[in-house]
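# Summary of structural features
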Amino acid sequence: AITKDNKKLSYLQNLGRIYRYRGNYEDSIIVFKSIEKLTSEKGNLIDLEINNAINHFINGSMELTKISLEKLKSYINDGGLNEIKNEGVRNHSSSYYKFLKSIVPKVKMNKDKSLQKIAHIGESHCLSHAFQTINLNKSNKIINPILIQGAKAWHFADNNSNKFKTSFIEQIEEIDQGTEIFISFGEIDCRSNEGIITYSKKYGKNIDEIIEKTINGYIQFMETQLKEKFLNKYY
């Protein structure tokens, strides 16, 4: 049965994700924090802490990220993943937990506040190099992650509007980080059960043509959106 608390839980989960898609991590953290009072189910708590961990990580709060990862470890060890009925959500939660657990110990935050930031916008790829110091054009800079979760090149090549394009445009408008940007939406989703292979089979379209159209549309979208703000774009 769908209870009032379940409806509120679903609403808050969606609201927290919307805040993150808009780059508003502080409000996203507050919303997900409020969910703790509504549920004791391990599956919901895993979803909560995955989102907490992602938000804290992007905010550069490694200690808070570690706390969320420890909670996740406990929930997973208690069989919480089995309580998540949706296979996609279950796999996503497990993958993100392993991913963050592997990269958090490697992050070394540079405390030099005078260093310029360089934005790195992408899907999970952008988290791999988060907060590292890079020497680019004879200048040291801090790589600052901007996450658009779940986005693929395919989404940006699509002529129709979608949440990934909206998130990209809104987050780009908020950053003022010099003349350079890293872009990591390189994958075009070649998994056997989804993405361009499935699309090719379903609609009987030539996969080479799909790839060419996807890459061209993706690059065109990026160049159009970024040309006024960033002189140098690194794909």
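So, how was this worked out
- Residues numbered from 1 in each chain as written.
- Predicted model: local features only at pLDDT ≥ 70, side-chain atom pairs only at ≥ 80, totals over all residues.
- Heavy atoms only, no water.
- Helix = DSSP H or I, 4+ residues; strand = E, 2+ residues; numbered from the N terminus.
- Buried < 20%, exposed > 50% of the residue type's maximum accessible area, 1.4 Å probe, protein only.
- Contact = heavy atoms within 4.5 Å.
- Core = buried A, V, L, I, M, F, W, Y, C linked by side-chain atoms within 4.5 Å.
- Pairing = 2+ DSSP bridges.
- pLDDT = per-residue confidence, 0-100.
- Salt bridge = Lys/Arg side-chain N within 4 Å of Asp/Glu carboxyl O.
- Axes fitted to C-alpha atoms, helices over the stretch in contact; angles between N-to-C directions.

## Things to note about the environment of phenylalanine 156
Mapping phenylalanine 156 onto the fold places it in helix H6 (residues 153-157). Here phenylalanine 156 falls in the buried class, since its relative accessible area comes to 2%. Along the backbone, phenylalanine 156 and leucine 226 are 70 residues apart, and their C-alpha atoms lie at a distance of 13 Å. Setting aside residues no more than four positions away along its own chain, phenylalanine 156 makes contact with Ala151, Phe164, Lys165, Phe168, Phe185, Gly217, Tyr218, Phe221 and Met222.

## A look at the nonpolar core
In terms of nonpolar packing, the biggest core is built from 31 residues, with Phe57, Leu100 and Leu127 touching the most fellow members. Contributing elements (two or more residues each) for this core: helix H1 (4-21), helix H2 (25-35), helix H3 (42-58), helix H4 (62-77) and helix H5 (87-103). The element that contributes the greatest number of residues to this core is H3, accounting for eight residues. When near neighbours in sequence (up to four residues on either side) are disregarded, leucine 127 contacts Phe57, Ile58, Tyr96, Phe99, Leu100, Ile103 and Pro145.

## Let's talk about the pairing of strand E1 (residues 116-122)
For a regular strand, side chains alternate in direction, first toward one face of the sheet and then toward the other. The buried fraction of E1 is high, at five of seven residues. Taken together, the seven bridges between E1 and strand E3 (residues 139-147) define a ladder with parallel strand orientation. In the strand pairing of E3, glycine 122 is matched with leucine 147. Across four bridges, E1 lies against strand E4 (residues 180-184) in parallel orientation.

## Topic: the confidence of the model for the protein chain
Do not read the fine detail of predicted coordinates wherever pLDDT is low. Confidence along the protein chain averages 89 in pLDDT terms, with 94% of residues attaining 70 or more. Taken element by element, the predicted model of the protein chain shows its lowest mean pLDDT in H1 (84) and its highest in H4 (95).

## Examining the pattern of salt bridges
Across all of its chains, the model carries eight salt bridges by this definition. Aspartate 47 is the partner of arginine 17 in a salt bridge, and the nearest nitrogen-oxygen pair spans 2.5 Å. Taken together, the positions of arginine 17 in helix H1 and aspartate 47 in helix H3 put the pair 30 residues apart, joining distant regions of the chain. Overall, the relative accessible area of 11% leaves aspartate 47 in the buried class.

## Observations concerning the sheet that holds E4
Pairing is mixed in the open sheet, where five strands are placed in the order E2-E3-E1-E4-E5. Two strands close off the open sheet at either side, each with one partner strand: strand E2 (133-136) and strand E5 (232-234). When the angles between neighbouring strand axes are averaged without regard to direction, this sheet yields 35°.

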